[in-house]
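An overview of the molecular structure
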Amino acid sequence: MENNKEIERMNELAFGKKKAKVSPSKEKQNLNESVVGVGAINSPFLQREKTNYELAFEHYMNEEANKDNTLIEELKAENELLKEVIKEKLTEEEIEEIFGGKKRREKALRQDFITKANIWKKKGAIRGMNQEMLDALMDEAEKDNFEGKPGYDPKTKLMTYRPGSEINWGGLGLASGGGVGQGG
């Protein structure tokens, strides 16, 4: 009879039908042994042996990762070899013409200035920009090897050039290059 009351009380505690009184030490002991100590069924945290298919899948994934790493190393070696061959066969001007480099960055920055000038003028952030201003900004950017980005000065409402060295690329979540911001 006392066991039945004990079982009912434990069910009430476990399923929350009544508020539990846990002041006496005997009840605390029962609570710990009967309810808290019972592990969840199908718990993902239980330590168990892996089944054959889990072991096979893990082995397969490790092999694929090793293949990927090997492929990456092979591509890096080929890339280094290609760089050496290109440097032997081509001049700096030819390399620049083929791969873009500085000219590509200059063209992209010029377009970025024009695009942002249109957007910022519509928003009222700048007064506008003419060809003379654009040329002056591009001259300033050339000194920085076109590594920076357009910006604007909110006080004068004029566009500015933000040198790459003054931009916190890491704060933008970028390793290098990219990002919009205000300069001053």
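Coordinates for the structure precede this section.
Overview of the structure.

Definitions and limits used
Residues numbered from 1 in each chain as written. Predicted model: local features only at pLDDT ≥ 70, side-chain atom pairs only at ≥ 80, totals over all residues. Heavy atoms only, no water. Patch = residues over 30% accessible without salt bridge, like charges linked within 9 Å, V, L, I, M, F, W, Y side chains within 5 Å. Areas by Shrake-Rupley, 256 points an atom, 1.4 Å probe, with all protein chains shown as cover. Salt bridge = Lys/Arg side-chain N within 4 Å of Asp/Glu carboxyl O. Helix = DSSP H or I, 4+ residues; strand = E, 2+ residues; numbered from the N terminus. Phe/Tyr/Trp six-rings, centres within 6.5 Å; stacked < 30°, edge-to-face > 60°. Buried < 20%, exposed > 50% of the residue type's maximum accessible area, 1.4 Å probe, protein only. Expected span 1.5 Å × (residues − 1). Arc of directions from axis to C-beta. Contact = heavy atoms within 4.5 Å. Polar contact = N/O pair within 3.5 Å; in protein donor to acceptor, adjacent residues only side chain to side chain. Pairing = 2+ DSSP bridges.

1. Quick notes on a nonpolar patch on the surface
There is a patch of nonpolar side chains on the surface, built from Phe57, Tyr60 and Met61 and spanning about 330 Å² of accessible area. Turning to its location among the elements, Met61 is positioned in helix α3 (residues 52–89).

2. Digging into the packing of aromatic side chains
Any two aromatic rings considered together are summarised by their centre-to-centre distance and by the angle between their planes. As enumerated under the stated definition, the model contains two aromatic pairs in all. Judged by centre distance (6.5 Å) and plane angle (40°), the ring pair of Phe113 and Tyr161 falls under tilted. Of the two residues, Phe113 sits in helix α5 (residues 101–123) while Tyr161 sits in strand β2 (residues 158–162), which places them 48 residues apart along the sequence. Across this residue pair, the class does not change: Phe113 and Tyr161 are buried.

3. Things to note about helix α6 (residues 131–143)
Because an α-helix packs 3.6 residues into every turn, residues spaced three or four apart end up facing the same way. The terminal C-alpha atoms of α6 lie 19 Å apart, and with 13 residues this matches the ideal 18 Å at 1.5 Å per residue to within 8%. Within the sequence span of α6, burial applies to Leu134, Leu137, Met138 and Ala141. Projected down its long axis, α6 carries its buried residues within an arc of 100°, all on one side. Of the residues in α6, the exposed ones pointing more than 90 degrees away from the buried face are Glu132 and Lys143. Its buried side turned inward, α6 meets α5 and β2. With a side-chain oxygen lying 3.2 Å from the backbone nitrogen of Glu132, the N-terminal cap of α6 falls on Asn130.

4. With respect to unusual backbone geometry
Positive phi, close to 60°, is recorded for Asn145, a residue that is not glycine. Here Asn145 shows up in the loop between α6 and β1 (149–153). Unlike most non-glycine residues, Lys157 shows phi in positive territory, near 60°. Among the structural elements, Lys157 can be located in the loop between β1 and β2.

5. Side note on the pairing of β2
Each regular strand shows side chains that alternate between the opposite faces of the sheet. Taking burial as the measure, the five residues of β2 include four buried ones, the bulk of the element. Pairing of β1 with β2, which is carried by five bridges, proceeds in the antiparallel orientation. The partner of Gly151 across the bridge, within β2, is Thr160. Counting the residues in the hairpin turn of β1 and β2 gives four residues, including Lys157, whose phi is positive at 60°.

6. Thoughts on the pattern of salt bridges
Taken as a whole, this structure holds six salt bridges when the rule is applied. Note that Glu58 and Lys50 form a salt bridge whose closest N and O atoms lie 2.4 Å from each other. Glu58 sits in the partly exposed class, given a relative accessible area of 36%. For Lys50, a relative accessible area of 43% gives the class partly exposed. Within the structure, one salt-bridge network assembled from shared partners comprises Asp112, Lys116 and Lys149.

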